[in-house]
Amino acid sequence: MTRTFLTIAIGAAVALATGLVMTAPARAQSGAVAAAMAEGAVGEQADGYLGIAGSVSAAVRSEVESINIKRRAAYTDLAGKRGVTVQDVAAATGCQTLSSRVKAGQVYRIGAGPWQTKGSAPIALPSYCATAG
Amino acid sequence: MKKETIIAAGFAGLALGGCIQVKAPDKPIEINLNVKVQQEVVVRLQRDAQDLIQNNPELFPQ
């Protein structure tokens, strides 16, 4: 009984410590991605993922990849709950990021098109993006 | 004799006075709801996507 408790306690402590170690640099790099987005080196894509539009450091590149992997996991989870494809969820999220997240001066890309810089006008969304919601 | 005549006349009248024919159409009746359903899926997903973004701010830096 005591032994079990001890094992759990050690396990929890290790998990907590790992979590602390993991989150601190991840947070710092996430700020680096935001900075790269402000510079137009990283941008949102209509496919629901981040893309690299300019020259970025290896750290930013790896953080973008990490975010995209986590996004894919979140899309996969939601797709399973709703009975739709991962691409459907990703595309719907892409509609949202392009319509309400990308700020003026930041870059975005639709499909295989060129990177474009958002101006003061709203981004012309792909036709599959619903107007409602 | 008289009775039979009346019955025969009745049948004749029925035959002459247009029967209503109900006939199943050759082609199946199709009601296309695909467009509406697809639109609803997209709208519902848009809301889900909004929630996903709001609930995972670390995945959506700005």
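In this text the structure is predicted, and so the values were computed from the model without any measurement. Sequence order as written defines the numbering, with residues in each chain counted from 1. Chains carry letters and ligands carry numbers; both start at the beginning, A for chains and 1 for ligands, and go up in the order they are written. Where totals are concerned, whole chains, interfaces and linings use all residues; where local detail is concerned, this predicted model gives features only for residues with pLDDT of at least 70, and gives and counts side-chain atom pairs only at 80 or more.

1. So, the overall build of chain B
The secondary structure listing takes helices from DSSP runs of H or I that are at least 4 residues long and strands from runs of E that are at least 2 residues long, numbered from the N terminus. Counting its secondary structure elements, chain B contains 2 helices and 0 strands. Exposed residues have 12 or fewer other C-beta atoms within 10 Å of their own C-beta, buried residues have 20 or more, and partly exposed residues fall in between, where C-beta atoms are placed from the backbone. Residues classed as buried in chain B amount to 13% of the 62 residues present.

2. Comments concerning the overall build of chain A
A count of helical and extended segments in chain A gives 3 helices and 4 strands. Listing each helix as α and each strand as β along chain A from the N terminus yields α-β-β-α-α-β-β. Going through the 133 residues of chain A one by one, you find that 24% of them count as buried. Contact between two residues is assigned whenever their backbone-derived C-beta positions fall within 7 Å. Put simply, 47% of the contacts in chain A that link residues at least 6 apart link residues at least 24 apart.

3. Comments concerning the confidence of the model for chain A
Residue and element names in this part refer to chain A. pLDDT runs from 0 to 100 and stands for how confident the predictor is about each residue. Summing up the model confidence of chain A, the mean pLDDT is 84 and the portion of residues at 70 or higher is 74%. Mean pLDDT values for the elements of chain A range from 60 in helix α1 (residues 2-39) up to 98 in strand β1 (residues 42-45). Considering only residues more than four positions removed or in separate chains, one finds that residues 10-27, a stretch of pLDDT under 50, has 0 contacts.

4. A few points about the interface of chain A and chain B
On the side of chain B, 18 residues touch chain A, which itself brings 24 residues to the contact. When residues of the side of chain A that touches chain B are traced back to their parent elements, those giving at least two are α1, α2 (58-82) and α3 (86-101) of chain A. When residues in the side of chain A that touches chain B are grouped by element, the largest group, 8 residues, is from α3(A). By the convention adopted, Pro, Cys, Tyr, Trp, Phe, Met, Ile, Leu, Val and Ala count as nonpolar, Lys, Arg, Asp and Glu as charged, and the other residues, Gly among them, as polar. When its residues are assigned to classes, the side of chain A that touches chain B shows 13 nonpolar, 5 polar and 6 charged.

5. With respect to the sheet that holds β1(A)
All names here are of chain A. DSSP calls a pair of strands paired once it identifies at least 2 bridges connecting them. In spatial order, the strands read β2-β1-β3-β4; together these 4 strands make up an open sheet with mixed pairing. On the outer flanks of this sheet lie β2 (50-52) and β4 (116-117), each paired with one strand and no other. Interaxial angles span 0 to 180 degrees and are taken between N-to-C directions of axes, which are lines fitted to C-alpha atoms, for helices over the stretch in contact. Contacting β1 and β2, α2 crosses the sheet at an angle of about 155° to β2.

6. Things to note about the nonpolar core
A set of buried residues drawn from Ala, Val, Leu, Ile, Met, Phe, Trp, Tyr and Cys, joined through C-beta atoms within 7 Å, is what defines a nonpolar core. Counting 25 residues, the largest nonpolar core has A:V33, A:V42, A:V89 and A:A92 as its most contacted members. For this core, the secondary-structure elements that each account for two or more residues are α1, α2, α3 and β3 (107-109) of chain A together with α2 (34-55) of chain B. Sort the elements by how many residues they give to this core and α3(A) lands first, with 6 residues. The contact partners of A:A92, leaving out residues within four places of it in the chain, are B:V42, B:L45, B:Q46, B:D48 and B:A49.

7. Regarding the pairing of β1(A)
Residue and element names in this part refer to chain A. Both β1 and β2 contribute to a ladder of 3 bridges, which runs antiparallel. Residue G43 lies in a different strand from β2, and its bridge partner there is G51. Connecting the antiparallel pair β1 and β2 is a turn made up of 4 residues, with G48 showing a positive phi of about 95°. Bridge count between β1 and β3: 2 bridges; the pairing is parallel. Pairing of E44 across the sheet is with Y108, part of β3.

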